[in-house]
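As a plain string of letters, each chain reads:
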Amino acid sequence: MQFLRLALSRATTAFKQSCGTVVRLDAVPADLVDRATTPGIPDSRYWLGAHIGPFIEGALNDHRREVAFLAAQGLPTDPLPPIHVLAISGGGDRGAFGAGLLSGWTAHGSRPRFKVVTGISAGALIAPFAYLGPAHDPTLREFAVSAGLDGVFRTRALLAGLSSDGMADSAPLARLVEKYVTPGLLSAIAAEYATGRALVVGTTELDSGRAVSWNMGAIAGSGTPEALELFRRVMVASASIPGVVTPVMIDVEVEGRRYQEMHVDGGVINQVFTYPSNTLAALERALGRPYRREMHIYAVRNGKLLPEWAATPRRTLSIGGRAFGLLMQRQGLGDLEQIYRTALQDGADFNLACIGADFTQGKARDFDPEYMQHLFDYAHRRGAQGCDWQKTLPGGLPPR
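Please read these numbers as outputs of a predicted model, since none were measured by experiment.

(A) Spatial organisation of the overall build of the protein. When helices and strands are tallied, the protein shows 13 helices and 11 strands. Put simply, the protein has 400 residues, and 49% of those count as buried. Of the contacts formed within the protein by residues at least 6 apart in sequence, a portion of 77% connects residues at least 24 apart. About 19,000 Å² of surface is accessible on the protein, with carbon and sulfur atoms providing 56% of the total.

(B) How the structure looks around the pairing of strand β2 (residues 83–88). Counting buried residues in β2 gives six out of six residues, a clear majority hidden from the surface. Across six bridges, β2 lies against strand β10 (residues 295–304) in parallel orientation. Bridging from a neighbouring strand, Val85 pairs with Ile297 of β10. One ladder, built from four bridges, connects β2 with strand β3 (residues 116–120); its direction is parallel. Along β3, the bridge assignment pairs Val85 with Val116. One crossover worth recording links β2 to the parallel β3 by way of helix α3 (residues 95–108), and it is right-handed.

(C) Structural view of the environment of Ala282. Mapped onto the fold, Ala282 is located in helix α11 (residues 279–287). Taking the relative accessible area as the measure of exposure, Ala282 reaches 10% and is therefore buried. Sequence spacing of Ala282 and Ile56 is 226 residues, and the spatial spacing of their C-alpha atoms is 7.0 Å.

(D) Expanded view of the pattern of salt bridges. Considering all chains together, one arrives at 17 salt bridges under this definition. Residues Glu192 and Arg113 are paired through a salt bridge, measuring 2.7 Å at the closest nitrogen-oxygen approach. Placement of the pair is Glu192 in helix α8 (residues 183–193) and Arg113 in the loop between α3 and β3, with a sequence separation of 79 residues. By relative accessible area, which is 52% here, Arg113 ends up exposed. With its nearest N and O atoms 3.2 Å apart, the salt bridge here joins Asp388 to Arg382. Its relative accessible area of 12% is what places Arg382 among the buried residues. Each of Glu66, Lys115 and Arg293 takes part in salt bridges that share partners, so that together they form one network.

(E) Local environment of the packing of α8 against helix α10 (residues 227–238). At a minimum axis distance of 10 Å, the contact between α8 and α10 shows a crossing angle of 90°. Compared by their axis directions, α8 and α10 come out roughly perpendicular. Contacts between α8 and α10 involve Pro183, Leu186 and Ile189 from the former and Ala227, Leu228, Phe231 and Arg232 from the latter. Looking at the contact of α8 with α10 residue by residue, the classes come out as six nonpolar, no polar and one charged.

(F) Focus on the confidence of the model for the protein. Mean pLDDT over the protein stands at 85; residues scoring 70 or higher make up 86%. Taking the mean pLDDT of every element in the protein, the minimum, 40, falls on helix α1 (residues 2–18) and the maximum, 98, on β2. Confidence over residues 1–18 falls short of pLDDT 50; this stretch has five contacts with residues more than four positions distant or in other chains.

(G) Broad picture of helix α13 (residues 369–384). The end-to-end C-alpha separation of α13 is 22 Å, in line with the 22 Å expected for 16 residues at 1.5 Å each. Tucked into the core, α13 has its buried residues touching α3, α5 (137–145) and β11 (349–355). At the N-terminal end of α13, a side-chain oxygen is found 3.1 Å from the backbone nitrogen of Glu370, two or three residues along, and the residue is Asp368.

(H) Here's a closer look at the nonpolar core. The biggest cluster of nonpolar side chains holds 74 residues, and the ones touching the most others in it are Leu86, Met216 and Phe231. Here Phe231 is in contact with Pro128, Val181, Leu186, Ile189, Leu199, Met216 and Ile219, once residues within four sequence places are set aside.

(I) Layout of the packing of aromatic side chains. Considering all chains together, one arrives at 10 aromatic pairs under this definition. Grouped by ring-pair contacts, the aromatic residues Phe97, Phe359, Tyr371 and Tyr378 constitute a single cluster. We note Lys363 situated over the ring of Tyr371; from NZ or CZ to the ring centre the distance is 5.0 Å.

(J) View of the environment of Gly100. Tracing the backbone through its elements, the reader meets Gly100 in helix α3. With sequence-adjacent residues up to four places away left out, Gly100 is seen in contact with Phe376, Ala379 and His380.

(K) Quick look at the environment of Ala124. Assignment of secondary structure puts Ala124 in helix α4 (residues 122–132). In the structure, Ala124 is positioned 37 residues away from Ala87 in sequence and 9.7 Å away in space, judged by C-alpha atoms.

(L) Highlighting the side chain of Ser44. Within the secondary structure, Ser44 sits in the loop between α1 and β1 (45–47). A relative accessible area of 0% places Ser44 in the buried class. Polar side-chain contacts of Ser44 include one of 2.7 Å to the side chain of Thr38. In contact with Ser44, not counting residues within four places along its chain, are Thr38, Ser213, Trp214, Asn215, Ile219 and Leu230.

What counts and how
- Residues numbered from 1 in each chain as written.
- Predicted model: local features only at pLDDT ≥ 70, side-chain atom pairs only at ≥ 80, totals over all residues.
- Heavy atoms only, no water.
- Helix = DSSP H or I, 4+ residues; strand = E, 2+ residues; numbered from the N terminus.
- Buried < 20%, exposed > 50% of the residue type's maximum accessible area, 1.4 Å probe, protein only.
- Contact = heavy atoms within 4.5 Å.
- Areas by Shrake-Rupley, 256 points an atom, 1.4 Å probe, with all protein chains shown as cover.
- Pairing = 2+ DSSP bridges.
- Right-handed = clockwise from strand over helix to strand, strands pointing away.
- Salt bridge = Lys/Arg side-chain N within 4 Å of Asp/Glu carboxyl O.
- Axes fitted to C-alpha atoms, helices over the stretch in contact; angles between N-to-C directions.
- Parallel < 35°, antiparallel > 145°, perpendicular 65-115°, else oblique.
- Nonpolar A, V, L, I, M, F, W, Y, C, P; charged D, E, K, R; others polar.
- pLDDT = per-residue confidence, 0-100.
- Expected span 1.5 Å × (residues − 1).
- Polar contact = N/O pair within 3.5 Å; in protein donor to acceptor, adjacent residues only side chain to side chain.
- Core = buried A, V, L, I, M, F, W, Y, C linked by side-chain atoms within 4.5 Å.
- Phe/Tyr/Trp six-rings, centres within 6.5 Å; stacked < 30°, edge-to-face > 60°.
- Lys NZ or Arg CZ within 6 Å of the ring centre and 35° of its normal.

Below you can see the structure in the form of structure tokens.
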């Protein structure tokens, strides 16, 4: 017993000695959160919630750019062409499903040009390539299936992880993003943004506990020296699970003073998103007329829609892990229900794709390249056959 006490005492002392403070600038005070902006790019993001004024202004600017672009091309602006919205969920290594589906959709020949693309977590890593279109499918495939765990996160030793800001750091993921998100890719996104299209990525800002929607097109189109680095950091932040992976610190300013926000995985608050439910009504009020336009919404869930049966070992980590997985799955279904209700309200065509029960490939570990390749190929086959979109949710609301 005395030996045990001595061992525990030494372990506790070692842990305390290893616990240094991880340095950061001051967090933005609560009363200044809404006024914080990223240096040089004031229109880089939206705080969605009760006040959606800035988001609506951004949507109006998208509309104006689209009308101006079509008019310059000699194309009709009344009526405007159909809107296609693509929303890609989180899912970790299951992001290979979304990448494969898009690639197969291209092969089918029916993939539209999306006016809006949104992404969370793994979906955020896919979204820029989906936004730029089929020419980027080879890059998307490589990006989605070839990394492996060591190419995404670097695990820390137990004591180092407990004394730092995550059990792993995302330096490998940052290097991967840097490899693919080049100045040329940013220029291509800026060119598409100029036509009225929107690319939006979600993160969670931990200090305020709020979801942030980043206007990636505006960041790319800003032309500022800070744009490329901010674009990359947002992508990494959206896939950084809090406590598991190092958060991403983003510098902001208020009245000339610098602060830092702490951004993590957007899936903490939303697994998948499109736009606020009152957007259409707000647009009509701003334009002073009905916003009648054909609309198609495509939600890609990088996971199975409903829980599968699994025998849970009677161990703490197994029980907690199973419960957490069920919680996240229920949250994802709730997000899809909100998208579906908004589609019904706005008279939009709703489409959902998710991993089916017929996919049974196991995996040896997270980000197992063999598993991701099988999942990519499975999704590619489904996409090439027409995507078999679901038009409603199970046991819920009636189809339109």
